[in-house]
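So you can see what is in the structure, the chains are spelled out below.
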Amino acid sequence: MIKDFSLLRRGTRVYKPLNDITCCPAHPIWCDTMRFRILSAYKKVVSVLEAYLRDGIVPERLPCGIPDPQEAAELKEPGENEDQTQRQMHRRPEADKENGYDPGTKVTPEKAAEPFLAKNHEWNQQPKIEWKKLEELEDYMKRVEKREGDVHTLEVRVCSCSPLSPEINATLRDEHEMFNKCFSRVYTLGSGGMSLEEFQETYVKTPLVNIHDKKVEAAGAPKFGTYHQQYWLDGAKMIAVSVVDLLPGCLSSVCFFYNPRYSFLKLDTFSALWEIAYVRNLQRTYGGTAPAYANLRYYTRGYYFCPPSKLNYNRWNQQDVDFPSSLTASLGL
């Protein structure tokens, strides 16, 4: 399979940036979902959502985004490393004597090693500690599943655009209203917004057509095409929508918008985690029975082009950005 994630779809049009003639090259963001490991910053996002669903807790301070090494260096107190080095240089004589070392007396190597050998013997007698298993992404996704006694519930409904499902027809105006509200308040793109016809032309209509695959249908796997993943709070209120294309080999994220009232939940970041887990689940469930799903493992999310702060949720690891070979070599990836 040829891996080319540089194509992006908007409505019925598919385009590719011309990086050889533009001043700001756009590099496609892709992720190998089978090798994905959740970072601590993403764990905080899941924890905030879990606290809201379980107890209705709204965080006073929003969870931070992807940690920036430069910001971490600026937060470090001046002279911190120097003080630590000086503390290590001043050794306590009492501690030296406890460890079998006395600067005033001559001690043979065997005598000095006795305390350490005794401690080593004690350690060998203790039962071996089993290392904690590395938690997978699915372990964190289970934390936001519905449980008895929860204050709120979050449900993701996957609705097809090809062919157009009745669920999208019933919620089309709600999606359009949420889209304009999100892009006017969050991304400050003006108050004019997009008309219902333009919204339907851009994010509902699709050139992708379902191909009847007998093995896919027999396995019960979803057909390839365009889908709207609707996030419903308490089963009655739609608070976010993710437009994705399910293709052979990858899941492409076309657009994501949400209700700005729930910005504290960081649904933009959570949606990316949910979609990565969705790809992993499809591959593991149907990869062995439906040949069309055998190579499904990649997740794409637009382009990387020095994004503004509103697009920080698109900042993934550098190895997940499909840089050209020359730029990759210069970055040491």
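Residues numbered from 1 in each chain as written. Predicted model: local features only at pLDDT ≥ 70, side-chain atom pairs only at ≥ 80, totals over all residues. Heavy atoms only, no water.

**Q** Whenever I open this one, the packing of aromatic side chains confuses me. Can you help?
**A** Any two aromatic rings considered together are summarised by their centre-to-centre distance and by the angle between their planes. Applying the stated criterion across every chain yields a total of 16 aromatic pairs. Consider the rings of Trp 274 and Tyr 278, whose centres lie 5.3 Å apart with planes at 15°: the pair is stacked. A residue pair is termed a helical-turn pair when its members lie 3 or 4 positions apart in one helix, as Trp 274 and Tyr 278 do in helix α10 (residues 267-286) at four residues. Trp 274 sits in the buried class, given a relative accessible area of 19%. Judged by its relative accessible area of 15%, Tyr 278 falls in the buried class. With a centroid separation of 5.9 Å and an interplanar angle of 55°, the aromatic rings of Tyr 286 and Tyr 293 are classed as tilted. By relative accessible area, which is 16% here, Tyr 286 ends up buried. Using a relative accessible area of 0% as the deciding quantity, one classes Tyr 293 as buried. Put simply, the rings of Phe 179, Phe 183, Phe 199, Tyr 203 and Phe 257 pair up and form one aromatic cluster. The positively charged end of Arg 157 is found above the aromatic ring belonging to Trp 232, 4.3 Å away from the centroid. (Phe/Tyr/Trp six-rings, centres within 6.5 Å; stacked < 30°, edge-to-face > 60°. Helix = DSSP H or I, 4+ residues; strand = E, 2+ residues; numbered from the N terminus. Buried < 20%, exposed > 50% of the residue type's maximum accessible area, 1.4 Å probe, protein only. Lys NZ or Arg CZ within 6 Å of the ring centre and 35° of its normal.)

**Q** Would you explain helix α7 (residues 166-185) in this entry?
**A** The periodicity of an α-helix, 3.6 residues per turn, causes residues three or four places apart in sequence to face the same way. Helix length check: α7 (20 residues) gives 29 Å between terminal C-alpha atoms against 28 Å at 1.5 Å per residue, within 8%. Residues Ile 168, Thr 171, Leu 172, Glu 175, His 176, Met 178, Phe 179, Asn 180, Cys 182 and Phe 183 constitute the buried set of α7. Where α7 is buried, its residues contact β4 (154-160), α8 (196-203), β5 (225-233), β6 (237-247) and β7 (250-258). (Expected span 1.5 Å × (residues − 1). Contact = heavy atoms within 4.5 Å.)

**Q** Which parts of the structure should I look at to understand the sheet that holds β5?
**A** Adjacent strands of a sheet form backbone hydrogen bonds with each other and so pair up, either parallel or antiparallel. Spatially, β3-β8-β7-β6-β5-β4 is the arrangement adopted by the six strands of the open sheet, whose pairing is mixed. Since the sheet does not close on itself, it has two edges, and those belong to β3 (27-32) and β4, each with one partner. Averaged over neighbouring strand pairs, the angle between their axes works out to 30° when direction is ignored. (Pairing = 2+ DSSP bridges. Axes fitted to C-alpha atoms, helices over the stretch in contact; angles between N-to-C directions.)

**Q** Is there a simple way to explain unusual backbone geometry in this structure?
**A** Trans peptide bonds make up the majority, and among non-glycine residues the majority have a negative phi. The omega torsion of the bond from Ser 162 to Pro 163 falls at 0°, within 30 degrees of zero and hence cis. Residue placement: Pro 163 occurs in the loop between β4 and α7. The phi torsion at Asp 234 lies on the positive side, around 60°, for a residue other than glycine. Inspection of the secondary structure assignment puts Asp 234 in the loop between β5 and β6. The backbone phi angle of Lys 266 is positive, close to 55°, even though this residue is not glycine. Assignment of secondary structure puts Lys 266 in the loop between β7 and α10. When its relative accessible area of 26% is taken as the criterion, Lys 266 is described as partly exposed.

**Q** Is there a simple way to explain the environment of His 228 in this structure?
**A** Along the chain, His 228 falls in strand β5. In this structure, the C-alpha to C-alpha distance between His 228 and Asp 245, residues 17 residues apart in sequence, is 8.9 Å. Setting aside its immediate chain neighbours within four residues, His 228 contacts Arg 157, Val 158, Cys 159, Cys 161, Ile 168, Glu 175, Tyr 203, Val 204, Val 241, Ser 242 and Val 243.

**Q** Explain the confidence of the model for the chain here, please?
**A** Low-pLDDT stretches of the model should not have their predicted coordinates read in fine detail. For the chain, the average pLDDT comes to 76, and 66% of its residues sit at 70 or higher. This model gives residues 65-91 a pLDDT under 50, and the stretch forms nine contacts once residues within four places in sequence are excluded. Scored below 50 in pLDDT, residues 321-333 shows 16 contacts in the model against residues more than four places distant or in partner chains. (pLDDT = per-residue confidence, 0-100.)

**Q** Explain helix α1 (residues 40-55) here, please?
**A** Under the 1.5 Å per step criterion, the end-to-end length of α1 is 22 Å for 16 residues, consistent within 8% with the ideal 22 Å. All buried positions along α1 are accounted for by Ala 41, Tyr 42, Val 45, Val 46, Val 48, Leu 49, Glu 50, Tyr 52, Leu 53 and Arg 54. Buried residues along α1 sit in contact with α6 (137-141), β4, β5 and α10. Directly beyond the C-terminal end of α1, a positive phi value near 75° is found at Gly 56.

**Q** Honestly, the pairing of strand β8 (residues 298-304) in this entry has me stumped. Any pointers?
**A** Looking down a regular strand, the side chains alternate between one sheet face and the other. By the criterion of burial, β8 is predominantly enclosed, with six of the seven residues buried. With five bridges connecting them, β3 and β8 associate as antiparallel partners. Along β8, the bridge assignment pairs Trp 30 with Thr 300. On the question of chirality, the crossover connecting β7 to the parallel β8 by way of α10 is right-handed. (Right-handed = clockwise from strand over helix to strand, strands pointing away.)

**Q** Would you explain the side chain of Arg 9 in this entry?
**A** Structurally, Arg 9 can be placed in strand β1 (residues 8-10). Side-chain polar atoms of Arg 9 contact the backbone oxygen of Lys 205, separated by 3.4 Å. Those residues within four positions of Arg 9 in sequence are excluded, and the remaining contacts are Val 14, Thr 202, Lys 205, Thr 206, Pro 207, Thr 226, Val 243, Asp 245 and Val 254. (Polar contact = N/O pair within 3.5 Å; in protein donor to acceptor, adjacent residues only side chain to side chain.)

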